[in-house]
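# Examining the three-dimensional arrangement
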Amino acid sequence: MNKELENLFLKVLDQNQQKLFRICSVYSKNSEDTKDLLQEVLINIWKSLPSFEAKSTIETWVYRITLNTCLRFCSKHIKKQERFVSIDNISNTSVKTEAENEEQKEKLIQLRNCINILNKGDKAIISLYLEKLPYKEISNITGLTENNVAVKIKRIKKKLLNCINKTL
């Protein structure tokens, strides 16, 4: 691979790594799976970079690869029923005692749990929306019209709100 493609890859990685990590985290059960999934996404981007035709922005193209990789990852895990209990969200960090931080953390956990209940298409759309992508870019990535994206986001928000209210 030539130096120009390598520089493009590094630029894309530098500008989008955190966003890609957050999208991967929606489709994985724990931090190790998220890291594995992100690594698979980056490999797929690297392998596909020579075929990038600039029909869309590089970011749109990268998000499309990310979502496709995440959806394939989910399909593999559904077929492969795990035979052990995974222990999620264990960390060695100190416990924060501030009530505000705990409340914020609890809300994020509730939101993540509710997002995990959504179907794959809705997960993809809300993940991109939470990354503050404009409807037009979400439309380009998902293949839906902008109006359809707007309607779906409104419906997904309503589903998430109902889900969060049920857990309160």
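Structure report, in brief. Keep in mind that this is a model prediction, so the values were computed, not measured.

Thresholds applied
Residues numbered from 1 in each chain as written. Predicted model: local features only at pLDDT ≥ 70, side-chain atom pairs only at ≥ 80, totals over all residues. Heavy atoms only, no water. Salt bridge = Lys/Arg side-chain N within 4 Å of Asp/Glu carboxyl O. Helix = DSSP H or I, 4+ residues; strand = E, 2+ residues; numbered from the N terminus. Buried < 20%, exposed > 50% of the residue type's maximum accessible area, 1.4 Å probe, protein only. Polar contact = N/O pair within 3.5 Å; in protein donor to acceptor, adjacent residues only side chain to side chain.

## Digging into the pattern of salt bridges
Side chains bearing opposite charge may pair, as long as their charged atoms lie close to each other. Within the structure shown, the criterion is met by five salt bridges. For glutamate 131, the salt bridge goes to arginine 22, with nearest N and O atoms at 2.6 Å. Residue glutamate 131 is located in the loop between helix H5 (120-130) and helix H6 (135-142), and its partner arginine 22 is located in helix H1 (residues 3-26); the two are separated by 109 residues in the primary sequence. By relative accessible area, which is 9% here, glutamate 131 ends up buried. What makes arginine 22 partly exposed here is its relative accessible area of 40%. Among the salt bridges present, the one from lysine 55 reaches glutamate 53, with a minimum N-O distance of 3.1 Å. With relative accessibility at 74%, the residue lysine 55 sits in the exposed group.

## Brief notes about the side chain of serine 127
Inspection of the secondary structure puts serine 127 in helix H5. Judged by its relative accessible area of 5%, serine 127 falls in the buried class. Only 2.7 Å separates the side chain of serine 127 from the backbone oxygen of lysine 123, close enough to count as a polar contact.

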